[in-house]
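# Architecture at a glance
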Amino acid sequence: MGSKGFLNTFIIVLTSTLVFYGFSSVGALAFTNVSSKDFGDQTFVGPFDISRQKEKAVKEKLAADFITLQTDFAVDLTYQDITVALPAEVVTFDVEKTVEQSNSGKENPIVATVSVDGLRTILTQQFSSILFSEDSLQSIATGIERELGTGIMPLTIHITDYSDFTEIEIATSSIAVTEPSTSLTNLINALNGTEITSFATFSLLDFIKNNEIGVVSDEELTVLASVLYATILQTNFVIDERNIGNMLAPFAEPGFEAAVNERLGLNFVFTNPNKTAFQLHVKSANGTIVSSITGMPLLYSYSPFVGQLESFEPKTVQQFSAFVPNGQVSVADEGRKGMEVEVHRTISYEGSVVVDEMISSDFYAPMPKIELHPLKKDSQQIPGNSNDGTVNSQDNQNSADSQNGLESNVDKDPSQLKGEDDKEVQYDKGGNIIE
């Protein structure tokens, strides 16, 4: 082949190569333009605004935003009454998948991935008394990923929302009573099985109104509220209202009385602070009311106890009455002792006391013993006419003595009538002797 033929062949090959490369480049550019996303107005990923941006710019922006999100990571895991921090290392925020799954003009979640192995380590260490199955771990991990999609920090995640746990009896108490009335029996039956839902507040008086129980005496309501109070103290429930009476109710233990008075509006109210529901059980049998609470177990143990009990002897008050014979003393009121009782509660975890908190300090004032004594005669009175024109009974006696030739005390110096041990007796406005 001559040089001219070689040149022609080279030109043909070069032209074909350039044409093929041109078509390939145009096709690749067209594919790139078609696959690239443009995000319109009102487009968000979590809290981040990606409106009116192209895919490449969005990826760059989210990469920086996710680094900040990881740095400011603040997520707590809560199981009933215990909360622990979730380490940031367990979570990864995926930029590529987030952009891939995002739609223009909408609020899109952040795609986060939780390490199941890392989560297992955290839950096993922090909630050692709870057994987590592999299904529970996977369910909890998925739940955490879903809640992280908002990108809002700080965040509290209740793991009880994503796993089932066995319900048990977590608290119980009892109180002795006489035969309950029909109304109280109806109230007990209505209360039995009542569900205390998540974060719900229970009011005893409101429950009675809403269920049309009828009239229950304040004394019986106090007995019922007292046994409920003793039960609630064994949980992490919050006591919103609790009262005591002027004197300790007959069947209540010192420190565990919860007085109820409908007329005065004295109520018994408590709140369930947990994300899970609990059931309240109340039964009456053989002269005893028993209350209990069942639900998902709490990790802390709550043990109320009487920390201090001090009694006060009543004082004796002497009163004087003309109806009490000389030499005798009548007791009008035996009075009663007073007391002050402090109730504490230990909160323990796995057998070790975490805190000892004071629950209440109840004071019942002593009532004085009242004695009635006979009136004492005032030996310093001078017989004679009184200012109001009445005659003292002693004047009549002196007149009779004079007529019988006996010596009269009239007109004698009053000081001569006083013996060595006689003292002038004075009374206050209440008729009590002023010493």
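Residues numbered from 1 in each chain as written. Predicted model: local features only at pLDDT ≥ 70, side-chain atom pairs only at ≥ 80, totals over all residues. Heavy atoms only, no water.

Check the secondary structure of the chain and you find nine helices and 23 strands. Long-range pairs, those at least 24 residues apart, make up 71% of the contacts in the chain with a sequence separation of at least 6. Working note: accessible area of the chain is about 25700 Å², and carbon and sulfur atoms make up 52% of it. (Helix = DSSP H or I, 4+ residues; strand = E, 2+ residues; numbered from the N terminus. Contact = heavy atoms within 4.5 Å. Areas by Shrake-Rupley, 256 points an atom, 1.4 Å probe, with all protein chains shown as cover.)

Turning our attention to the sheet that holds strand E2 (residues 44-45). Judged by pairing direction, the sheet is mixed, and its three strands sit side by side in the order E3-E2-E8 without closing on themselves. Each end of this open sheet is capped by a strand with a single partner; those strands are strand E3 (48-49) and strand E8 (107-108). Sheet topology places E2 next to E3; two bridges connect them, and they run antiparallel. Residue pairing across strands places Phe44 opposite Asp49, the latter belonging to E3. (Pairing = 2+ DSSP bridges.)

Approximately 490 Å³ is the volume found for the largest pocket. Asp218, Glu219, Thr222, Ala249 and Pro250 are, among the 24 residues lining the largest pocket, the residues nearest its centre. Among the residues making up the lining of the largest pocket, the classes are represented as 14 nonpolar, five polar and five charged. (1 Å grid on protein atoms, 1.4 Å probe; cavity = no way out; pocket = protein on both sides within 12 Å on 5 of 7 lines; lining within 4 Å. Points joined across faces, edges and corners; volume = space filled by probe spheres on them. Nonpolar A, V, L, I, M, F, W, Y, C, P; charged D, E, K, R; others polar.)

To continue, consider the environment of Phe207. By secondary structure assignment, the location of Phe207 is in helix H7 (residues 204-210). Judged by relative accessible area, which is 12%, Phe207 ranks as buried. (Buried < 20%, exposed > 50% of the residue type's maximum accessible area, 1.4 Å probe, protein only.)

Residue Pro154 follows Met153 across a cis peptide bond; omega there is -5°. Within the secondary structure, Pro154 is located in the loop between helix H5 (134-148) and strand E10 (155-158). The phi angle at Gln80 is positive, at roughly 50°, despite the residue not being glycine. For Gln80, a relative accessible area of 9% translates into the label buried.

It is worth stressing that arrangement in space is one thing and function is another; only the former is reported here.
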